[in-house]
Number of protein chains: 12
Amino acid sequence: MRILFLNGPNLNLLGQREPDVYGRTTLAEIEAKVREAAQKENAQVDFRQSNLEGELVAWIQQAKGKADVIVLNAAAYTHTSIALRDAIAAVGVPTIEIHLSNIHSREEFRHKSLIAPVCVGQITGFGAYSYILAVQAAVNVNVT
Amino acid sequence: MRILFLNGPNLNLLGQREPDVYGRTTLAEIEAKVREAAQKENAQVDFRQSNLEGELVAWIQQAKGKADVIVLNAAAYTHTSIALRDAIAAVGVPTIEIHLSNIHSREEFRHKSLIAPVCVGQITGFGAYSYILAVQAAVNVNVT
Amino acid sequence: MRILFLNGPNLNLLGQREPDVYGRTTLAEIEAKVREAAQKENAQVDFRQSNLEGELVAWIQQAKGKADVIVLNAAAYTHTSIALRDAIAAVGVPTIEIHLSNIHSREEFRHKSLIAPVCVGQITGFGAYSYILAVQAAVNVNVT
Amino acid sequence: MRILFLNGPNLNLLGQREPDVYGRTTLAEIEAKVREAAQKENAQVDFRQSNLEGELVAWIQQAKGKADVIVLNAAAYTHTSIALRDAIAAVGVPTIEIHLSNIHSREEFRHKSLIAPVCVGQITGFGAYSYILAVQAAVNVNVT
Amino acid sequence: MRILFLNGPNLNLLGQREPDVYGRTTLAEIEAKVREAAQKENAQVDFRQSNLEGELVAWIQQAKGKADVIVLNAAAYTHTSIALRDAIAAVGVPTIEIHLSNIHSREEFRHKSLIAPVCVGQITGFGAYSYILAVQAAVNVNVT
Amino acid sequence: MRILFLNGPNLNLLGQREPDVYGRTTLAEIEAKVREAAQKENAQVDFRQSNLEGELVAWIQQAKGKADVIVLNAAAYTHTSIALRDAIAAVGVPTIEIHLSNIHSREEFRHKSLIAPVCVGQITGFGAYSYILAVQAAVNVNVT
Amino acid sequence: MRILFLNGPNLNLLGQREPDVYGRTTLAEIEAKVREAAQKENAQVDFRQSNLEGELVAWIQQAKGKADVIVLNAAAYTHTSIALRDAIAAVGVPTIEIHLSNIHSREEFRHKSLIAPVCVGQITGFGAYSYILAVQAAVNVNVT
Amino acid sequence: MRILFLNGPNLNLLGQREPDVYGRTTLAEIEAKVREAAQKENAQVDFRQSNLEGELVAWIQQAKGKADVIVLNAAAYTHTSIALRDAIAAVGVPTIEIHLSNIHSREEFRHKSLIAPVCVGQITGFGAYSYILAVQAAVNVNVT
Amino acid sequence: MRILFLNGPNLNLLGQREPDVYGRTTLAEIEAKVREAAQKENAQVDFRQSNLEGELVAWIQQAKGKADVIVLNAAAYTHTSIALRDAIAAVGVPTIEIHLSNIHSREEFRHKSLIAPVCVGQITGFGAYSYILAVQAAVNVNVT
Amino acid sequence: MRILFLNGPNLNLLGQREPDVYGRTTLAEIEAKVREAAQKENAQVDFRQSNLEGELVAWIQQAKGKADVIVLNAAAYTHTSIALRDAIAAVGVPTIEIHLSNIHSREEFRHKSLIAPVCVGQITGFGAYSYILAVQAAVNVNVT
Amino acid sequence: MRILFLNGPNLNLLGQREPDVYGRTTLAEIEAKVREAAQKENAQVDFRQSNLEGELVAWIQQAKGKADVIVLNAAAYTHTSIALRDAIAAVGVPTIEIHLSNIHSREEFRHKSLIAPVCVGQITGFGAYSYILAVQAAVNVNVT
Amino acid sequence: MRILFLNGPNLNLLGQREPDVYGRTTLAEIEAKVREAAQKENAQVDFRQSNLEGELVAWIQQAKGKADVIVLNAAAYTHTSIALRDAIAAVGVPTIEIHLSNIHSREEFRHKSLIAPVCVGQITGFGAYSYILAVQAAVNVNVT
């Protein structure tokens with residue numbers, strides 16, 4: 001089981017960025033927790049971040065045949081990127097959408113996810129723990 | 001750790017009801033899996049289902065002081081019940097919203113959750129496994 | 001042929017309730033006419049009314065295997081209940097939606113039926129005679 | 001009792017046209033069934049079809065004093081023709097709106113009928129049998 | 001003069017529930033104040049609360065001939081229940097809509113009342129004192 | 001000065017048609033009054049009515065070089081016909097839009113005129129006298 | 001026959017103000033033409049202009065018993081003033097709405113008139129000649 | 001306790017103005033009743049009316065330190081004036097919004113109050129008695 | 001290969017009609033070019049124009065078995081005719097939608113094509129050359 | 001260079017009014033700063049405030065030939081006054097729109113400025129310093 | 001004649017990506033066909049693909065003076081990129097918008113093209129053959 | 001005082017690009033003017049342009065601790081980029097939004113700025129002089 005974690009714009013600032021909304025854990029600390037959780041499940045993890053929509057699109061494209069599941073925190077691009085949506089639909093790798101904050105309780109424009117309809121499911125609002133839940137979900141994606 | 005699982009209208013039909021959308025697992029089988037997962041976490045489970053909006057409201061009210069976390073699959077009432085929303089806000093017990101199907105990839109009227117803004121977070125689209133993820137999320141709700 | 005007639009909130013007041021809109025026939029008188037019409041078609045009739053959304057949901061659920069057709073006048077719940085819609089879709093018993101008044105010529109919020117998309121068809125505007133037409137429609141539901 | 005059946009654009013193609021949506025019965029076959037049903041009720045039937053909005057308007061205008069009830073399947077013009085609506089309101093002959101398919105479960109633009117507010121009622125979704133129900137409804141239009 | 005006070009979902013939690021929004025007075029304390037105010041006006045009071053939409057509908061129906069005025073705090077159902085609206089219109093007992101908080105200064109979805117158009121008037125935003133004003137309004141409902 | 005008066009669908013029913021809205025004057029009587037008023041202004045009148053959108057389009061097209069002003073009561077087509085709008089723009093003959101009733105005080109769908117933006121101006125609400133005002137306006141269309 | 005002409009904000013600038021839209025005739029010149037036209041009809045004219053919404057409201061109120069018809073070019077207030085609308089409805093003097101330009105072919109926000117529904121009719125787009133047509137319309141307001 | 005009653009445009013016409021909607025009591029009669037009711041509560045009353053938005057704004061501004069509560073029937077300006085809203089927010093004197101008619105059962109544009117969000121509460125629909133209720137509410141504004 | 005070219009309302013005016021928008025080529029000249037282009041591809045051309053929606057509907061109906069491809073410039077009916085849409089769907093002949101002007105850069109109401117969803121594709125904005133491209137597209141409709 | 005500063009409703013309260021939003025500087029203090037800044041640029045300043053929409057309209061009208069630039073803080077009228085917009089367009093004096101607070105980060109109804117489309121530009125959010133920037137902008141309005 | 005073909009995000013996946021929607025032809029195969037078709041017309045082709053919005057913007061900028069026509073399949077960016085629109089408007093090179101699938105028959109969010117208003121025209125729905133039609137259109141862009 | 005000027009897509013084309021809208025000054029000339037103005041205020045300037053959304057995001061991120069104020073002309077990304085908004089909110093450096101043209105008087109889609117709510121203020125419409133005003137605003141950002 002190979003899981004590709006992709007993180008969108010500004011997630012490299014985690015820990016410093018609006019800690020009331022996003023918590024004080026850094027992305028590196030989240031990556032460490034994810035690797036630990038994945039190891040328990042004998043899953044491999046590839047963990048990346050980019051501020052460029054097109055780079056995220058490229059990484060999704062390259063996942064074909066190299067990853068069994070994509071876990072995608074598209075951050076701001078969640079609400080504006082049809083290109084990400086098309087990439088997910090194009091490669092056919094099961095993709096899990098995650099968010100640190102509960103996007104449904106924030107500004108109106110964050111309620112709508114353009115990528116949700118082509119994802120397996122969505123986990124939102126559990127802070128850094130959303131990533132750990134995503135490891136579990138990824139490993140069990142074909143179970144239910 | 002005491003977790004109250006509440007299931008809304010028509011979830012008693014699980015297994016028979018539109019299996020393409022909701023899977024073939026019955027609610028009883030889900031309950032068994034939930035109890036098993038909870039036991040591993042030393043968590044107690046109260047697991048109920050009702051077709052009555054008002055009864056669900058009452059159960060949430062009664063959770064105060066008796067449950068540490070509520071896991072709520074409000075089904076159809078997710079999209080129409082302000083009463084459930086008000087009940088969650090009133091009792092102040094952390095509540096996790098779950099769905100079997102990915103509500104964001106279905107009919108437009110299922111995209112909007114009236115209860116999401118007062119919940120901790122939302123787990124949607126993983127079939128019966130959404131419930132197991134909710135056990136993990138409930139146990140770790142104050143971690144991140 | 002077993003037909004289950006379900007009547008939603010406030011229909012127990014028929015005859016007294018806004019007679020300009022709903023006519024002066026009581027629900028009991030309508031039931032009598034329905035039974036008479038059904039008898040001619042050798043059809044059995046179960047005729048009920050409830051003000052509780054959840055009870056109507058339950059009755060639809062129980063129709064599985066016990067009724068060949070449901071005739072549903074959901075009254076106010078027509079426009080607000082996704083739970084009724086889900087119940088109809090879940091049990092798979094052909095359902096005919098009826099209304100006494102012509103809902104399409106009344107307030108804007110009565111034009112939209114949440115249950116119509118999962119019903120066989122809709123008969124609206126013929127007063128108590130809508131019920132008699134529904135008997136005919138039910139008996140012939142698989143004819144055309 | 002004289003009933004004028006008016007059929008709008010493309011209904012002359014019935015039987016060939018998208019049989020999954022509209023069934024395999026031709027308009028001629030429907031006319032035959034309608035005549036048979038009307039005869040039992042001692043009702044006379046005038047049965048016409050036109051692709052021209054203006055011709056349908058003219059036929060409705062001419063119904064004054066010649067028909068007791070109009071049964072109108074306006075097809076596509078249901079959703080775009082205020083002229084038909086005005087004609088119905090102008091002549092004052094009770095008009096019953098019918099549709100073969102359940103327009104409320106199809107594309108969004110078919111949900112709204114411009115003529116419904118000036119009709120007695122609407123029968124929709126019963127295929128060719130919608131016409132037979134309309135005969136019953138027409139004969140009983142002043143009963144309830 | 002007999003006044004029926006009906007309270008909707010979650011109002012049984014008053015005093016504990018979000019005191020910043022709803023105040024610290026309990027429903028029992030409000031009832032006591034209402035009875036005291038009514039007594040001064042020689043009015044009888046029947047004071048009830050239910051979380052069930054259908055039960056509130058039933059109580060409104062039963063008010064016919066037993067109450068001269070209904071005072072209704074429908075809480076969450078204010079914004080979602082056409083059934084309550086239809087019940088009020090059906091029984092014809094003058095009904096006064098009240099709210100503890102100023103619903104017009106809260107979330108968008110609380111601004112619209114489905115029952116307001118069939119009520120005599122609305123009193124909103126005066127906390128528990130809204131109930132006392134309603135007593136005055138009820139007693140004088142036919143004065144102006 | 002040659003003025004072409006064009007009347008849209010159902011205006012042939014004037015006098016009988018909903019007299020509360022449209023008055024009791026027949027179209028023939030209006031034509032007589034128009035001819036009388038035009039004669040005083042030494043203007044010639046061509047006065048027609050059609051229920052066919054396409055025929056009205058054709059008449060507008062033919063006005064080029066034969067009429068100095070078109071006075072158009074498009075009736076129901078006012079709100080649905082882009083074809084009429086395009087015809088007016090195409091021929092370049094100054095066109096005056098008129099209505100018997102005040103369309104701005106009727107149903108919402110009558111407030112919007114698709115042809116208004118390509119007309120010189122609009123006269124609405126003066127009953128049959130709208131036509132007489134249009135004669136004055138036509139004769140003076142280049143004055144101001 | 002006494003006609004009160006009321007002109008709203010910025011109409012005192014006529015002639016200088018955006019002549020492409022409003023023409024080069026001044027308000028004084030229009031007043032002169034109006035007086036001339038009225039004299040032919042033996043009608044008296046009171047002709048005023050104000051930039052103050054409240055002053056226009058007051059003038060409408062004072063028209064009661066002093067004017068037989070009000071001709072109102074409310075200019076910008078046409079689209080924003082419910083106070084003017086209420087004043088017209090309150091005094092019950094027949095009111096004719098006029099505009100120099102064709103408001104229906106300008107910016108979207110000028111298409112909607114808040115006062116139209118309580119006026120007899122609307123004359124729009126004929127430049128200064130709109131005022132002369134209004135004289136005719138006023139004199140004949142009860143004719144049709 | 002000093003209460004400032006402010007009345008908006010056209011309220012000076014009360015009694016004559018659309019009595020079906022607003023009743024037959026004049027503003028002077030209402031003022032007399034208000035004074036009588038206030039006297040019983042040992043409250044002083046300042047009672048004014050203006051058709052000018054800016055004058056109402058000024059009166060609200062001057063209330064600072066001179067009135068303990070403002071009771072505002074802004075009439076038409078309720079729905080169009082942000083200036084009134086800003087004035088209320090600026091002076092910080094508790095303000096009670098009142099209406100004679102039930103604005104929520106009238107035209108759509110009267111349902112939305114721009115000033116409600118900055119007022120303590122709203123009393124609407126009780127005719128002249130709304131003013132008396134406002135006296136009670138004003139005297140008790142800090143009680144609940 | 002038989003191609004049926006259908007032209008909607010006002011296209012008979014091409015060359016004279018708003019040449020800035022539609023160019024100076026007449027419909028006859030376009031037909032000539034189309035025939036020339038079709039001849040090179042050994043395709044037969046039937047080329048028609050009508051201002052009547054119903055006639056265009058009839059021509060599409062008759063295309064069944066007589067044309068291999070329909071090229072349709074529905075002009076104004078593009079945006080208002082569900083009847084044309086239904087006709088195209090009913091006959092099942094591949095249909096190519098064309099426009100002279102770029103409808104997507106004109107008025108808002110021209111952006112939406114009701115027929116596009118049932119056509120193979122759309123060619124818009126190339127003036128008369130849109131027709132030549134349509135010949136190429138028609139001949140190659142099954143290639144890609 | 002003569003600059004006319006116009007201030008709309010409630011700006012006379014500056015310093016006392018919601019200091020969190022508008023700051024603690026009074027309008028007189030702002031005027032002093034503006035005069036100081038203008039003097040450095042050899043510009044004359046006329047500085048006024050009114051709560052009356054019509055008075056602001058009049059002042060804009062009178063600016064013609066007397067001011068080279070208008071700086072307008074229309075406050076609440078920014079979002080509701082077409083009359084101000086028309087006045088600006090009518091006089092043709094370059095106008096700069098300013099605001100103390102950032103209107104784009106406040107309530108939805110403050111985002112839309114009706115006057116912006118006829119102004120040179122907008123400066124918003126810099127508190128009292130918005131006025132100083134406007135002096136600079138006014139002096140340089142024809143530079144870029 | 002030099003034609004610049006630009007392809008947006010995910011088009012590098014053509015052939016593998018959702019073949020039901022986009023066909024089985026790869027982008028390299030399309031390029032070959034385009035070169036072949038261009039050669040017949042003596043046109044040079046520059047053919048590129050990028051997943052980066054900013055890179056596509058840069059390529060459009062660089063086209064000035066180097067390409068006579070741009071053919072742009074912006075894919076997902078069609079619906080979200082104002083930057084592409086601005087680039088096209090800025091460089092002034094005639095641009096033809098193309099799509100493989102019929103965007104007007106797919107999801108609602110694909111119906112709106114942000115770039116269409118600044119393009120010459122649009123060709124959509126002919127699969128890979130859309131590119132060949134674009135070669136023809138490019139070569140003839142100034143003909144009609 | 002260190003000021004970071006960031007320029008979004010297509011601003012590198014300034015001077016050539018639609019000079020009617022954006023003026024004839026190049027970005028290099030603007031930079032020179034900005035440096036000159038900043039020098040007078042003893043402020044350092046870092047001045048950059050990018051067509052890549054992600055690069056602009058990165059530059060904003062890097063501003064933390066290196067710039068005291070960001071001046072951002074996000075051009076097209078103003079209306080589509082939540083990523084830029086999130087970056088501004090994340091780094092906490094005061095940011096001033098500027099535009100050359102008056103975005104509020106252009107196309108509807110340019111009226112809404114996604115970044116405005118997290119900026120200090122907005123300066124728009126003064127051409128290249130908007131940049132000079134921004135220097136003043138930046139230097140005084142904490143003054144008012």
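A.B. asks: Honestly, the packing of aromatic side chains in this entry has me stumped. Any pointers?
C.D. replies: Given two aromatic rings, their pairing is described by the distance between the two centres and the angle made by the two planes. For the coordinates displayed, the defined rule picks out 36 aromatic pairs over all chains. Ring plane angle 25° and centroid distance 5.7 Å describe the contact between Phe5(E) and Phe47(E), whose orientation is recorded as stacked. A residue pair is termed long-range when its members are at least 10 positions apart, and Phe5(E) in strand β1 (residues 2-7) and Phe47(E) in strand β2 (residues 44-49) qualify at 42 residues. We classify Phe47(E) as buried; its relative accessible area is 10%. Between Phe47(I) and Tyr131(I) the ring centres are 6.2 Å apart and the planes differ by 35°, which places this aromatic pair in the tilted class. Residue Phe47(I) is found in strand β2 (residues 44-49), and its partner Tyr131(I) is found in helix α5 (residues 129-139); the two are separated by 84 residues along the sequence.

A.B. asks: Sorry if this is basic, but what is going on with the interface of chain C and chain D here?
C.D. replies: Quoted interface sizes are often the accessible area lost when the parts come together. Taken residue by residue, the interface counts 24 residues in chain C and 24 residues in chain D. Of the roughly 2100 Å² buried at the junction of chain C and chain D (both faces included), carbon and sulfur atoms supply 62%. Counting across the interface, chain C meets chain D through 0 salt bridges. At the junction of chain C and chain D, the tally comes to 10 residue pairs in polar contact (both at pLDDT 80 or more). At the level of secondary structure, the elements contributing two or more residues to the side of chain C that touches chain D comprise β5 (121-124) and α5 (129-139) of chain C. In the side of chain C that touches chain D, the residues fall into 11 nonpolar, 12 polar and 1 charged. Pairing of β5(C) with strand β5 (residues 121-124) of chain D, which is carried by 3 bridges, proceeds in the antiparallel orientation. Looking across to β5(D), one finds that Ile123(C) is bridged to Ile123(D).

A.B. asks: Where do I start with the packing of helix α2 (residues 27-40) of chain E against helix α5 (residues 129-139) of chain E in this structure?
C.D. replies: Relative orientation and spacing of two packed helices are given, respectively, by the angle between their axes and the distance between those axes. Residues and elements named next belong to chain E. The geometry of α2 relative to α5 is characterised by a closest axis approach of 9 Å and an angle of 30° between their N-to-C directions. When the axis of α2 is compared with that of α5, the two are roughly parallel. In this structure, the crossing between α2 and α5 has a hand that is right-handed. Contacts between α2 and α5 involve Leu-27, Ile-30, Lys-33, Val-34, Ala-37 and Ala-38 from the first element and Tyr-131, Ile-132 and Val-135 from the second. Among the residues forming the contact of α2 with α5, the class breakdown is 8 nonpolar, no polar and 1 charged.

Definitions and limits used
- Residues numbered from 1 in each chain as written.
- Chains lettered and ligands numbered in written order.
- Predicted model: local features only at pLDDT ≥ 70, side-chain atom pairs only at ≥ 80, totals over all residues.
- Heavy atoms only, no water.
- Phe/Tyr/Trp six-rings, centres within 6.5 Å; stacked < 30°, edge-to-face > 60°.
- Helix = DSSP H or I, 4+ residues; strand = E, 2+ residues; numbered from the N terminus.
- Buried < 20%, exposed > 50% of the residue type's maximum accessible area, 1.4 Å probe, protein only.
- Contact = heavy atoms within 4.5 Å.
- Buried area = accessible area lost by both parts, 1.4 Å probe.
- Salt bridge = Lys/Arg side-chain N within 4 Å of Asp/Glu carboxyl O.
- Polar contact = N/O pair within 3.5 Å; in protein donor to acceptor, adjacent residues only side chain to side chain.
- Nonpolar A, V, L, I, M, F, W, Y, C, P; charged D, E, K, R; others polar.
- Pairing = 2+ DSSP bridges.
- Axes fitted to C-alpha atoms, helices over the stretch in contact; angles between N-to-C directions.
- Parallel < 35°, antiparallel > 145°, perpendicular 65-115°, else oblique.
- Left-handed = near helix turned anticlockwise from the far one by under 90°.

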